[in-house]
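Below are the chains, spelled out letter by letter.
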Amino acid sequence: ATDAGTTAETHVHATVAPSWLLAGKWTEVNVAAVYTGSQYFLQRTSDLEAIERLSSQLAEEFENNRLKNLSVLRIDNRVAARFSEDSRWYRARIKAIVTDRNRQSVPANTHAQVEYIDFGNLEWVSMAQLRALPAAFCEACPFALTCCLDSTKAADNSSMSRPQLASKVYGVASDLLMDATCQFQILARDSSGVFHGDIVPPDSQLSLREILVQSNFAVVDTPPVPDVKAVDLDGDTIDVYISHCVSPDEFYVNQGGEWSDMQENLMADIQDYVGKGIPPPTSIRLGMMYLVQYSADGKWYRAVVKELDFTGATVQYFDFGNCELVNWASFRVLDPDHRLAMCPALV
């Protein structure tokens, strides 16, 4: 099985740096909302025109009396909501409903709390501010992407309490990021869809994580990195076959003979393992190895995440050398025994 057409591929054996040091993909973003000092709602700048177009189209629907009143409120339903600060209509999701139990703790004359799904901010609204969202406006995914600082935790700061520290971090983050165009580096994505990474404020030489660490507000909590052993051939001449060719100067090879038999057995074992209903990973992290479903044959192979962005991940198949952009549903948890099996493609 070789290259993109028969099986899959991946990476060469080398020392793997901590994942937060690896170069991830940088994306220009607009910070639409700061939820806490370490969690934000980002919009890709490339999506800003589409967001504005949606709002203009919703306004036109309202002016032509095509936005229908809501007859019932349900948690998580998508609706059209009129934002109090500019009186414009936006897509929203119902987060909470006012009941007799919580009425005393919410603003007067409101009926629900909504999250504006293309911005991330929350607001308590009345029924007069809500309309049914036409089906055509439900097709586009939410443009506000939930993101947080990767591998970062609050510092042990003895000069202030935890609430004071959280408030201080929130203030720093808000001042640097709110409504600003920044660069976001994606390093991981967890099972709830939150993107983990680092963010660089405008006109800054330091990332937010570096700023918080230098201010003694946070520390970097580096996740463990799997131990990948190097292949030592000691100058031997071995029989190989080419599994993937990048250029005349760069190609990947597999050993023949008994190594081919070992690889075939490993691939069969992996398919049986996934067939047992193995769950997706709780997070997908740059530089880590997973089982990934190859698009050309639907089979599962060991792969290392080489790049992350907001739509998917680029992986390199560990046993063959070729790369592929895959979606989040194509990942499964890797069995430790499979990670240690030695059948890599050599560059």
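Data block above holds the structure.
Here is a short report on the structure shown in this document. All values derive from a computational prediction rather than experimental measurement. Every chain is numbered on its own, with residues counted from 1 as its sequence reads. Per-residue local features of the predicted model are confined to residues with pLDDT of at least 70, and side-chain atom pairs are confined, for both listing and counting, to 80 or more; whole-chain, interface and lining totals are unaffected and use all residues. The basis for the side-chain values is all heavy atoms of the structure; hydrogens and waters are excluded.

## Quick word on helix H3 (residues 162–177)
Next up, step 1: Helix and strand assignments follow DSSP, with helices taken as H or I runs no shorter than four residues and strands as E runs no shorter than two, numbered in order from the N terminus. In this analysis, the expected span of each helix is defined as 1.5 Å times one less than the number of residues it contains. In this model, H3 (16 residues) spans 22 Å end to end at C-alpha, consistent with the 22 Å of a helix rising 1.5 Å per residue.
Next up, step 2: Contacts are residue-level and defined by heavy atoms, with any inter-residue pair within 4.5 Å sufficient. For H3, the elements touching its buried residues are strand S1 (26–34), strand S2 (39–44), strand S9 (152–154), strand S10 (181–190), strand S11 (195–200) and helix H4 (208–214).

## Observations concerning the pairing of strand S3 (residues 78–82)
Next up, step 1: Only strands that DSSP links by at least two bridges are regarded as paired with each other. Across five bridges, S3 lies against strand S4 (residues 89–97) in antiparallel orientation. The residue of S4 that forms the bridge with Val79 is Ala92.
Next up, step 2: Here S3 folds back onto S4 in antiparallel fashion, the turn holding six residues, of which Ser87 has a positive phi close to 60 degrees.
Next up, step 3: Note: S3 against strand S7 (residues 130–132), three bridges, orientation antiparallel. When the sheet's bridge partners are listed, Ala81 is paired in S7 with Leu130.

## Things to note about the nonpolar core
Next up, step 1: Phe184, Ile199, Val305 and Phe331 are the most contacted members of the largest nonpolar core, which totals 53 residues.
Next up, step 2: Take this core: its biggest share by element is six residues, from strand S17 (residues 300–308).
Next up, step 3: What Phe331 contacts, discounting residues up to four positions off in sequence, is Pro280, Pro281, Ile284, Tyr290, Leu291, Val292, Trp300, Val305, Ala313, Val315 and Val326.
Next up, step 4: One finds Leu70, Ala92, Ile94 and Leu130 within the second-largest nonpolar core, a separate group that totals 13 residues. To qualify as a nonpolar core, a set must consist of buried Ala, Val, Leu, Ile, Met, Phe, Trp, Tyr and Cys residues joined through side-chain atoms within 4.5 Å. For the exposure calls, accessible area comes from a 1.4 Å probe over protein chains only, and a residue counts as buried if that area is under 20% of its type's maximum, exposed if over 50%, partly exposed in between.

## Points about the pairing of S2
Next up, step 1: Here S1 runs beside S2; their pairing, made up of five bridges, is antiparallel. Within S2, the position partnered with Val34 by the bridge is Tyr40.
Next up, step 2: The turn linking S1 back onto S2 is made up of four residues.

## Considering the environment of Arg302
Next up, step 1: Mapped onto the fold, Arg302 is located in strand S17.
Next up, step 2: Since its relative accessible area comes to 0%, Arg302 is described here as buried.
Next up, step 3: The spacing of Arg302 and Gln316 is 14 residues in sequence and 8.6 Å in space, taken between C-alpha atoms.

## Some words on the pattern of salt bridges
Next up, step 1: Just to be clear on terms, a salt bridge is a Lys or Arg side-chain nitrogen sitting within 4 Å of an Asp or Glu carboxyl oxygen. By the definition in use, this model includes 10 salt bridges.
Next up, step 2: A salt bridge links Arg44 to Asp47; the shortest N-O distance between them is 3.0 Å.
Next up, step 3: The partner of Asp76 in a salt bridge is Arg93, and the shortest N-O contact between them spans 2.5 Å. A residue pair is termed long-range when its members are at least 10 positions apart, and Asp76 in the loop between helix H2 (48–63) and S3 and Arg93 in strand S4 qualify at 17 residues.
Next up, step 4: Through salt bridges with shared partners, a single ionic network connects Asp76, Arg93 and Glu115.

Read these as spatial facts, not as claims about activity.
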